[in-house]
Amino acid sequence: EDATKIQNLKFVNATSYLLTGMMVTGVVLFKTREEGVFGDEFLWMKYQTLLTPSSYVNLLWVPVFLLQGLFVYASTLHKTLQHSPLVGYDRALQRSSKTSVAVHYPAVCAATLMTVYSHDYGHVFMALLGSVLCGIVLTSILQIQGHLLNEMEAAMSATDGTMDIADRTAQYVALCLPFELYGGYVLALVAVYFNTFLAGFDALPTSVFLVAANASLALLLCAGFYMLWVTERKFYGVGVALVWYLLGVAIELHTPTQPIYNEFSDGAILTTQIVAGVASLILATLLGVRVMKTMIKHNILNCGDVLDEEGEITTDYVHA
């Protein structure tokens with residue numbers, strides 16, 4: 001009976017992934033709904049804000065779904081990863097099912113469809129609500145995985161066990177990175193849809209939209225800094241997604257669309273472009289430094305023990 005329940009959950013996750021992947025990429029990338037926002041250039045212009053990024057940012061859906069496909073494969077077919085606590089089939093059969101990532105995944109797909117199709121039909125508030133719900137589910141998944149990783153590391157330390165670099169990398173890329181990358185993108189989508197929803201209030205002065213846009217960029221920068229530098233576990237995927245989005249905003253504002261030209265002054269556009277560009281540069285730098293420190297810490301570069309117990313780089317001489 002338990003085996004049947006697990007097989008059913010695997011089927012639900014795989015089906016949810018396939019349907020969501022096909023429906024989202026079809027609408028966003030291949031513009032299968034010509035009468036929708038993604039397929040109609042006039043409607044697309046209608047929903048432009050200072051935070052609307054360059055169209056290339058939509059290409060992030062490709063690695064998002066490729067990584068989610070890797071998660072689905074690893075959690076359903078891989079001989080070892082499907083039994084990982086980071087997937088949580090065993091927890092799905094217990095009262096602790098709320099701490100099972102496998103149980104949460106269909107909700108991620110449902111919220112994604114709600115977000116994208118609400119946007120495509122022009123229901124901005126519903127798109128904002130969908131992105132917030134998706135962010136809540138993804139936050140829960142990242143918290144679950146962070147807690148489980150701590151438990152796994154504590155158990156290995158107690159038994160003097162270790163996990164080699166290849167297994168650690170496979171576990172991270174297949175089971176954790178899919179949700180980190182998408183989590184960072186959803187943060188950006190929440191900012192976009194909030195500003196788009198705010199833009200619907202025509203009675204508000206332009207200065208309100210300018211302040212909201214730049215405040216949103218500042219909040220995204222703070223969120224990226226927190227996830228890359230402050231938290232015990234470093235969320236590299238979140239950083240990658242935010243850098244990708246912020247760079248897209250800076251590039252778009254270099255040659256903004258006509259609605260943005262009509263509504264905002266050159267100074268307002270330039271200010272927002274600079275804020276987005278500086279934020280992307282700061283996060284890209286933090287991401288690069290954090291990745292290098294992690295590689296050194298795990299001796300991927302064969303640098304020896306050059307990090308102290310708190311993870312800071314020491315100045316001790318390292319022999320080649």
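Look up a bit, the structure's there.
Residues numbered from 1 in each chain as written. Predicted model: local features only at pLDDT ≥ 70, side-chain atom pairs only at ≥ 80, totals over all residues. Heavy atoms only, no water.

### Description of the overall build of the protein
Okay, step 1: Helix and strand counts for the protein come out as 11 helices and 0 strands.
Okay, step 2: Rg of the C-alpha trace for the protein: 21 Å, near the compact-globule value of 20 Å for 320 residues, within the 12% margin.
Okay, step 3: Dimensions of the protein along its principal axes, counting C-alpha atoms only, are 65 × 60 × 30 Å.
Okay, step 4: Evaluated residue by residue, the protein yields a buried proportion of 46% over its 320 residues.
Okay, step 5: When contacts within the protein are restricted to residue pairs at least 6 apart in sequence, long-range pairs at least 24 apart make up 73% of them. (Helix = DSSP H or I, 4+ residues; strand = E, 2+ residues; numbered from the N terminus. Rg over C-alpha atoms; globule rule 2.2 N^0.38 Å. Buried < 20%, exposed > 50% of the residue type's maximum accessible area, 1.4 Å probe, protein only. Contact = heavy atoms within 4.5 Å.)

### Regarding the nonpolar core
Okay, step 1: Judged by nonpolar contacts, the single largest core of 83 residues is most densely connected at Trp61, Tyr182 and Tyr245.
Okay, step 2: Those elements giving two or more residues to this core turn out to be helix 1 (2–28), helix 3 (61–76), helix 5 (101–120), helix 6 (124–158), helix 7 (165–199), helix 8 (206–230), helix 9 (236–254) and helix 11 (266–297).
Okay, step 3: Looking at which element gives the most residues to this core, the answer is helix 7, with 15 residues.
Okay, step 4: The contacts of Tyr182, once residues within four sequence positions are left out, are Trp61, Val64, Gln68, Val108, Thr112, Cys134 and Leu138. (Core = buried A, V, L, I, M, F, W, Y, C linked by side-chain atoms within 4.5 Å.)

### What to know about the packing of aromatic side chains
When we look at a pair of aromatic rings, we describe it by the centre distance and by the angle of the planes.
Okay, step 1: One pass over the structure, following the stated rule, counts 12 aromatic pairs.
Okay, step 2: When the ring of Trp61 is compared with that of Tyr185, the centres are 5.3 Å apart and the planes differ by 75 degrees; the resulting orientation is edge-to-face. Taken as a pair, Trp61 in helix 3 and Tyr185 in helix 7 lie far apart in primary sequence, 124 residues in all.
Okay, step 3: Its relative accessible area of 2% is what places Tyr185 among the buried residues.
Okay, step 4: Ring centres of Phe197 and Phe201 lie 5.4 Å apart, and the angle between their planes is 90 degrees; this geometry places the pair in the edge-to-face category.
Okay, step 5: On the basis of relative accessible area, Phe201 is assigned to the partly exposed category, the value being 44%.
Okay, step 6: Three or more aromatic residues joined by ring pairs make a cluster, and in this case those are Tyr17, Trp61, Phe65, Tyr182 and Tyr185.
Okay, step 7: Its end group placed over the ring of Tyr121, Arg33 keeps NZ or CZ at 3.9 Å from the ring centre.
Okay, step 8: In this structure, Arg290 packs its charged tip against the face of Trp229, placed 4.4 Å from the ring centre. (Phe/Tyr/Trp six-rings, centres within 6.5 Å; stacked < 30°, edge-to-face > 60°. Lys NZ or Arg CZ within 6 Å of the ring centre and 35° of its normal.)

### Let's talk about the packing of helix 1 against helix 5
Okay, step 1: Contact geometry of helix 1 with helix 5 gives a least axis separation of 9 Å together with a crossing angle of 20 degrees. As far as their axial angle goes, helix 5 and helix 1 are roughly parallel. Of the two possible hands of crossing, helix 1 and helix 5 adopt the one that is left-handed. On helix 5, the residues that touch Leu9, Val12, Asn13, Ser16, Tyr17, Thr20, Met23, Val24, Val27 and Val28 of helix 1 are Ala102, Val103, Tyr105, Pro106, Cys109, Thr112, Leu113, Val116, Tyr117 and Asp120.
Okay, step 2: Residues belonging to the contact of helix 1 with helix 5 are distributed by class as follows: 15 nonpolar, 4 polar and 1 charged. (Axes fitted to C-alpha atoms, helices over the stretch in contact; angles between N-to-C directions. Parallel < 35°, antiparallel > 145°, perpendicular 65-115°, else oblique. Left-handed = near helix turned anticlockwise from the far one by under 90°. Nonpolar A, V, L, I, M, F, W, Y, C, P; charged D, E, K, R; others polar.)

### With respect to unusual backbone geometry
Negative phi characterises most residues that are not glycine, and trans characterises most peptide bonds.
Okay, step 1: Non-glycine residue Lys31 carries a positive phi angle of around 50 degrees.
Okay, step 2: Along the polypeptide, Lys31 turns up in the loop between helix 1 and helix 2 (41–46).

### A look at the side chain of Thr257
Okay, step 1: Along the polypeptide, Thr257 turns up in the loop between helix 9 and helix 10 (258–263).
Okay, step 2: A polar contact of 3.4 Å, which involves the side chain of Thr257, links it to the side chain of Gln48.
Okay, step 3: Contact partners of Thr257, with chain neighbours within four places excluded, come to Met45, Gln48 and Glu252. (Polar contact = N/O pair within 3.5 Å; in protein donor to acceptor, adjacent residues only side chain to side chain.)

### Focus on the pattern of salt bridges
Okay, step 1: Going through the model one piece at a time under the given rule, you end up with 4 salt bridges.
Okay, step 2: Here Arg91 and Glu151 are joined by a salt bridge, their closest N and O atoms 3.7 Å apart. Of this pair, Arg91 sits in helix 4 (residues 89–92) while Glu151 is found in helix 6, placing the two residues 60 residues apart along the sequence.
Okay, step 3: Linking Arg233 and Glu180 is a salt bridge whose minimum nitrogen-to-oxygen distance equals 2.9 Å. Here Arg233, found in the loop between helix 8 and helix 9, pairs with Glu180, found in helix 7; they are 53 residues apart in sequence, far enough to count as distant. In this structure, Arg233 and Glu180 share a single accessibility class: buried. (Salt bridge = Lys/Arg side-chain N within 4 Å of Asp/Glu carboxyl O.)

### Observations concerning the environment of Leu204
Okay, step 1: Tracing the sequence through the fold places Leu204 in the loop between helix 7 and helix 8.
Okay, step 2: Sequence separation between Leu204 and Thr49 is 155 residues, and the spatial gap between their C-alpha atoms is 14 Å.
Okay, step 3: Not counting the four nearest positions on each side in its chain, Leu204 is found in contact with Leu198 and Phe209.

### Structural notes on helix 8
Okay, step 1: Its 25 residues give helix 8 an end-to-end C-alpha distance of 35 Å, which sits within 8% of 36 Å, the value for a rise of 1.5 Å per residue.
Okay, step 2: For helix 8, the elements touching its buried residues are helix 7, helix 9, helix 10 and helix 11. (Expected span 1.5 Å × (residues − 1).)

### Concerning a nonpolar patch on the surface
Okay, step 1: Together, Phe125, Met126, Leu129, Val132, Leu133 and Ile136 line one region of the surface with nonpolar side chains, adding up to about 490 Å² of accessible area.
Okay, step 2: Classification of Leu133 by relative accessible area gives partly exposed; the value is 37%. (Patch = residues over 30% accessible without salt bridge, like charges linked within 9 Å, V, L, I, M, F, W, Y side chains within 5 Å. Areas by Shrake-Rupley, 256 points an atom, 1.4 Å probe, with all protein chains shown as cover.)

Coordinates in, geometry out; function isn't part of it.
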